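Okay, here's what each chain looks like letter by letter:
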Amino acid sequence: MAHIILFGPPGCGKGTQAKKLTAITKYNFVCMALGDLLRKQISENAVHKATIEQYIRKGQLVPDSLSFEVVEDFIQKQAAGVSFLFDGFPRNIPQAIFLDNLLAQYKTQIEAAIFLEVEKKYLLERLQSRAVKEGRLDDQDLHTIQTRMELYEQETLPIANYYERMNKLYKVDGMRASDQVTETIEGIINGLK
Ligand code: ADP
(Lines give C-alpha, C1' and ligand atoms only; values in the text may rest on other atoms or scores of the structure.)
Protein backbone atom coordinates (compact mmCIF):
# COMPACT_ATOMS: atom_id res chain seq x y z
CA MET A 1 0.00 0.00 0.00
CA ALA A 2 1.77 3.13 -1.25
CA HIS A 3 -0.12 6.37 -1.69
CA ILE A 4 1.34 8.69 -4.30
CA ILE A 5 0.65 12.29 -5.28
CA LEU A 6 1.25 13.56 -8.79
CA PHE A 7 1.49 17.30 -9.13
CA GLY A 8 2.80 19.98 -11.44
CA PRO A 9 1.57 22.92 -13.49
CA PRO A 10 -1.61 22.74 -15.61
CA GLY A 11 -0.70 20.83 -18.76
CA CYS A 12 2.33 19.04 -17.23
CA GLY A 13 0.87 15.68 -18.17
CA LYS A 14 -0.14 14.44 -14.74
CA GLY A 15 -3.52 13.22 -15.98
CA THR A 16 -1.84 11.19 -18.72
CA GLN A 17 0.69 9.71 -16.29
CA ALA A 18 -2.03 8.96 -13.76
CA LYS A 19 -3.95 6.97 -16.38
CA LYS A 20 -0.87 5.04 -17.43
CA LEU A 21 0.14 4.21 -13.88
CA THR A 22 -3.40 3.17 -12.98
CA ALA A 23 -3.33 0.74 -15.91
CA ILE A 24 -0.26 -1.05 -14.48
CA THR A 25 -2.05 -3.81 -12.62
CA LYS A 26 0.74 -4.73 -10.18
CA TYR A 27 0.40 -1.35 -8.44
CA ASN A 28 -3.33 -1.73 -8.01
CA PHE A 29 -3.78 2.03 -7.82
CA VAL A 30 -7.12 3.71 -7.30
CA CYS A 31 -6.79 7.04 -9.06
CA MET A 32 -8.39 10.08 -7.50
CA ALA A 33 -8.40 12.88 -10.07
CA LEU A 34 -10.11 15.76 -8.33
CA GLY A 35 -10.70 17.75 -11.54
CA ASP A 36 -12.56 14.74 -12.97
CA LEU A 37 -14.55 14.26 -9.76
CA LEU A 38 -15.54 17.92 -9.78
CA ARG A 39 -16.60 17.79 -13.42
CA LYS A 40 -18.63 14.69 -12.50
CA GLN A 41 -20.39 16.70 -9.79
CA ILE A 42 -21.41 19.16 -12.50
CA SER A 43 -22.58 16.53 -14.98
CA GLU A 44 -24.56 14.75 -12.26
CA ASN A 45 -26.24 17.94 -11.11
CA ALA A 46 -24.87 17.68 -7.58
CA VAL A 47 -25.99 20.16 -4.91
CA HIS A 48 -22.93 22.36 -5.38
CA LYS A 49 -22.97 22.13 -9.16
CA ALA A 50 -23.38 25.86 -9.77
CA THR A 51 -20.59 26.88 -7.40
CA ILE A 52 -18.16 24.30 -8.73
CA GLU A 53 -18.93 25.28 -12.31
CA GLN A 54 -18.34 28.92 -11.57
CA TYR A 55 -14.84 28.32 -10.14
CA ILE A 56 -13.73 25.87 -12.82
CA ARG A 57 -14.93 28.20 -15.54
CA LYS A 58 -12.81 31.01 -14.14
CA GLY A 59 -9.80 28.75 -13.65
CA GLN A 60 -9.90 29.26 -9.89
CA LEU A 61 -9.54 26.64 -7.19
CA VAL A 62 -12.87 25.38 -5.94
CA PRO A 63 -13.20 26.33 -2.23
CA ASP A 64 -11.45 23.87 0.06
CA SER A 65 -14.63 23.07 2.00
CA LEU A 66 -16.17 21.69 -1.21
CA SER A 67 -13.05 19.81 -2.34
CA PHE A 68 -12.67 18.27 1.09
CA GLU A 69 -16.19 16.90 0.97
CA VAL A 70 -15.63 15.33 -2.45
CA VAL A 71 -12.23 13.88 -1.48
CA GLU A 72 -13.44 12.46 1.81
CA ASP A 73 -16.47 10.91 0.20
CA PHE A 74 -14.32 9.30 -2.52
CA ILE A 75 -11.80 7.87 -0.06
CA GLN A 76 -14.47 6.53 2.26
CA LYS A 77 -16.04 4.58 -0.59
CA GLN A 78 -12.88 2.62 -1.43
CA ALA A 79 -12.02 -0.78 0.00
CA ALA A 80 -9.61 -0.85 2.92
CA GLY A 81 -5.98 -1.29 1.97
CA VAL A 82 -6.07 0.21 -1.54
CA SER A 83 -3.22 2.39 -2.83
CA PHE A 84 -4.25 5.87 -3.89
CA LEU A 85 -2.80 7.83 -6.76
CA PHE A 86 -3.77 11.46 -6.24
CA ASP A 87 -3.93 13.57 -9.39
CA GLY A 88 -4.63 17.27 -8.88
CA PHE A 89 -5.02 17.07 -5.11
CA PRO A 90 -3.57 18.60 -3.02
CA ARG A 91 -3.10 21.95 -4.76
CA ASN A 92 -2.38 24.10 -1.74
CA ILE A 93 -0.96 23.72 1.76
CA PRO A 94 -4.32 23.43 3.58
CA GLN A 95 -5.27 20.62 1.20
CA ALA A 96 -1.95 18.86 1.85
CA ILE A 97 -2.54 19.08 5.61
CA PHE A 98 -6.13 17.89 5.19
CA LEU A 99 -4.97 14.87 3.19
CA ASP A 100 -2.31 13.96 5.75
CA ASN A 101 -4.88 14.12 8.53
CA LEU A 102 -7.44 12.16 6.57
CA LEU A 103 -4.99 9.38 5.74
CA ALA A 104 -3.80 9.33 9.35
CA GLN A 105 -7.34 8.39 10.36
CA TYR A 106 -6.81 5.24 8.30
CA LYS A 107 -3.34 4.77 9.86
CA THR A 108 -1.68 5.38 6.54
CA GLN A 109 0.24 8.16 4.78
CA ILE A 110 1.59 9.64 1.55
CA GLU A 111 4.79 7.87 0.51
CA ALA A 112 5.85 10.06 -2.40
CA ALA A 113 4.91 13.38 -3.97
CA ILE A 114 5.99 13.29 -7.58
CA PHE A 115 6.58 16.70 -9.09
CA LEU A 116 6.34 16.77 -12.89
CA GLU A 117 8.45 19.69 -14.01
CA VAL A 118 7.71 21.25 -17.40
CA GLU A 119 8.94 24.63 -18.64
CA LYS A 120 6.25 27.24 -18.92
CA LYS A 121 6.64 27.79 -22.66
CA TYR A 122 5.61 24.18 -23.38
CA LEU A 123 2.58 24.22 -21.10
CA LEU A 124 0.56 26.60 -23.21
CA GLU A 125 1.10 24.46 -26.31
CA ARG A 126 -0.01 21.36 -24.46
CA LEU A 127 -3.13 23.00 -23.05
CA GLN A 128 -4.07 24.33 -26.46
CA SER A 129 -3.78 20.92 -28.06
CA ARG A 130 -5.80 19.42 -25.19
CA ALA A 131 -8.46 22.07 -25.75
CA VAL A 132 -8.92 20.70 -29.26
CA LYS A 133 -8.85 17.02 -28.18
CA GLU A 134 -10.99 17.17 -25.05
CA GLY A 135 -13.02 20.31 -25.62
CA ARG A 136 -12.64 21.56 -22.06
CA LEU A 137 -13.89 25.12 -21.77
CA ASP A 138 -11.21 26.03 -19.21
CA ASP A 139 -8.49 25.10 -21.72
CA GLN A 140 -9.94 27.24 -24.49
CA ASP A 141 -9.67 30.62 -22.87
CA LEU A 142 -6.25 32.24 -22.51
CA HIS A 143 -7.33 34.33 -19.56
CA THR A 144 -8.47 31.22 -17.67
CA ILE A 145 -5.21 29.47 -18.47
CA GLN A 146 -3.30 32.49 -17.16
CA THR A 147 -5.28 32.41 -13.91
CA ARG A 148 -4.56 28.69 -13.46
CA MET A 149 -0.83 29.26 -14.06
CA GLU A 150 -0.74 32.08 -11.51
CA LEU A 151 -2.66 30.08 -8.94
CA TYR A 152 -0.36 27.17 -9.55
CA GLU A 153 2.70 29.32 -8.79
CA GLN A 154 1.17 30.97 -5.73
CA GLU A 155 -0.78 28.11 -4.20
CA THR A 156 0.46 24.78 -5.50
CA LEU A 157 4.22 25.26 -5.85
CA PRO A 158 4.64 25.69 -2.05
CA ILE A 159 3.53 22.08 -1.55
CA ALA A 160 6.87 21.04 -3.07
CA ASN A 161 8.63 22.44 0.02
CA TYR A 162 6.02 20.87 2.26
CA TYR A 163 6.85 17.39 0.97
CA GLU A 164 10.56 18.08 0.66
CA ARG A 165 10.72 18.76 4.39
CA MET A 166 9.25 15.30 4.93
CA ASN A 167 11.72 13.75 2.46
CA LYS A 168 8.86 12.71 0.22
CA LEU A 169 9.49 14.93 -2.80
CA TYR A 170 10.61 13.42 -6.12
CA LYS A 171 11.23 15.74 -9.06
CA VAL A 172 10.70 14.28 -12.51
CA ASP A 173 11.56 15.90 -15.83
CA GLY A 174 8.15 15.99 -17.51
CA MET A 175 9.45 17.30 -20.81
CA ARG A 176 10.62 13.93 -22.07
CA ALA A 177 8.50 11.45 -24.02
CA SER A 178 5.49 10.28 -22.07
CA ASP A 179 6.74 6.64 -21.83
CA GLN A 180 10.09 7.77 -20.45
CA VAL A 181 8.33 9.86 -17.81
CA THR A 182 6.24 6.83 -16.83
CA GLU A 183 9.38 4.70 -16.57
CA THR A 184 11.03 7.20 -14.25
CA ILE A 185 7.95 7.33 -12.03
CA GLU A 186 7.81 3.53 -11.96
CA GLY A 187 11.42 3.52 -10.79
CA ILE A 188 10.50 5.84 -7.94
CA ILE A 189 7.49 3.75 -6.92
CA ASN A 190 9.47 0.51 -7.11
CA GLY A 191 12.12 2.03 -4.87
CA LEU A 192 9.66 2.88 -2.10
CA LYS A 193 9.88 0.57 0.86
P1 ADP B 1 -5.44 20.74 -14.94
O2 ADP B 1 -4.89 19.86 -15.99
O3 ADP B 1 -5.60 22.14 -15.39
O4 ADP B 1 -4.67 20.62 -13.69
P5 ADP B 1 -7.77 19.51 -13.60
O6 ADP B 1 -8.78 18.66 -14.27
O7 ADP B 1 -6.87 18.84 -12.62
O8 ADP B 1 -6.96 20.22 -14.76
O9 ADP B 1 -8.52 20.74 -12.84
C10 ADP B 1 -9.48 21.51 -13.49
C11 ADP B 1 -10.10 22.53 -12.52
O12 ADP B 1 -10.77 21.84 -11.44
C13 ADP B 1 -9.12 23.48 -11.82
O14 ADP B 1 -8.79 24.59 -12.61
C15 ADP B 1 -9.95 23.87 -10.57
O16 ADP B 1 -10.95 24.81 -10.88
C17 ADP B 1 -10.63 22.56 -10.22
N18 ADP B 1 -9.77 21.78 -9.29
C19 ADP B 1 -9.06 20.67 -9.59
N20 ADP B 1 -8.34 20.24 -8.53
C21 ADP B 1 -8.60 21.12 -7.52
C22 ADP B 1 -8.17 21.24 -6.16
N23 ADP B 1 -7.28 20.38 -5.62
N24 ADP B 1 -8.67 22.25 -5.41
C25 ADP B 1 -9.55 23.11 -5.92
N26 ADP B 1 -9.99 23.08 -7.19
C27 ADP B 1 -9.53 22.09 -7.99
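Check the entry above for the structure.
Residues numbered from 1 in each chain as written. Predicted model: local features only at pLDDT ≥ 70, side-chain atom pairs only at ≥ 80, totals over all residues. Heavy atoms only, no water.

Student: Break down the packing of aromatic side chains for me, citing the residues and quoting the values.
Tutor: By convention here, two paired aromatic rings are described through the distance between centres and the angle between planes. Under the defined criterion, the tally for this structure stands at eight aromatic pairs. An angle of 85° between the planes, with centres 6.5 Å apart, marks the rings of Phe68 and Phe89 as edge-to-face. Within this pair, whereas Phe68 is found in helix α4 (residues 64-76), its partner Phe89 is found in the loop between β3 (83-87) and α5 (93-105), the two being separated by 21 residues in sequence. By relative accessible area, Phe68 is classed as buried at 18%. Ring pairs connect the aromatic residues Phe68, Phe89 and Phe98, which therefore count as one cluster. (Phe/Tyr/Trp six-rings, centres within 6.5 Å; stacked < 30°, edge-to-face > 60°. Helix = DSSP H or I, 4+ residues; strand = E, 2+ residues; numbered from the N terminus. Buried < 20%, exposed > 50% of the residue type's maximum accessible area, 1.4 Å probe, protein only.)

Student: I'd like a rundown of empty space enclosed by the protein, residues and numbers included.
Tutor: Over the atoms rolls a probe the size of a water molecule, and in doing so it shows where empty space is left. Here the structure, examined in full by the defined rule, presents one cavity of 30 Å³ or more. Estimates place the volume of the largest cavity at around 40 Å³. What lines the largest cavity is simply Phe7, Gly8, Lys14, Gly88, Phe89, Pro90, Arg91 and Thr156. Tallied by class, the residues present in the lining of the largest cavity amount to three nonpolar, three polar and two charged. (1 Å grid on protein atoms, 1.4 Å probe; cavity = no way out; pocket = protein on both sides within 12 Å on 5 of 7 lines; lining within 4 Å. Points joined across faces, edges and corners; volume = space filled by probe spheres on them. Nonpolar A, V, L, I, M, F, W, Y, C, P; charged D, E, K, R; others polar.)

Student: Can you tell me about the nonpolar core, naming the residues and giving the values?
Tutor: One broad rule of soluble globular proteins: the nonpolar side chains tend to lie buried together. Formed by 35 residues in total, the largest nonpolar core has its most connected members in Phe86 and Tyr163. Looking at this core, the element that brings in the most residues is α4, giving six residues. (Core = buried A, V, L, I, M, F, W, Y, C linked by side-chain atoms within 4.5 Å.)

Student: Talk me through the packing of α4 against α5; I want residue IDs and the actual numbers.
Tutor: For any two helices packed against each other, the geometry is given by the interaxial angle and the distance between the axes. Where α4 contacts α5, the two axes come as close as 11 Å, and the packing angle between them is 30°. Taken as axis vectors, α4 and α5 run roughly parallel relative to one another. Viewed along their axes, α4 and α5 form a crossing whose handedness is right-handed. Every residue of α5 that contacts α4 at Asp64, Ser67, Phe68, Val71, Glu72 and Ile75 is listed here: Pro94, Gln95, Phe98, Leu99 and Leu102. Here the contact of α4 with α5 is composed, by residue class, of seven nonpolar, two polar and two charged. (Axes fitted to C-alpha atoms, helices over the stretch in contact; angles between N-to-C directions. Parallel < 35°, antiparallel > 145°, perpendicular 65-115°, else oblique. Left-handed = near helix turned anticlockwise from the far one by under 90°. Contact = heavy atoms within 4.5 Å.)

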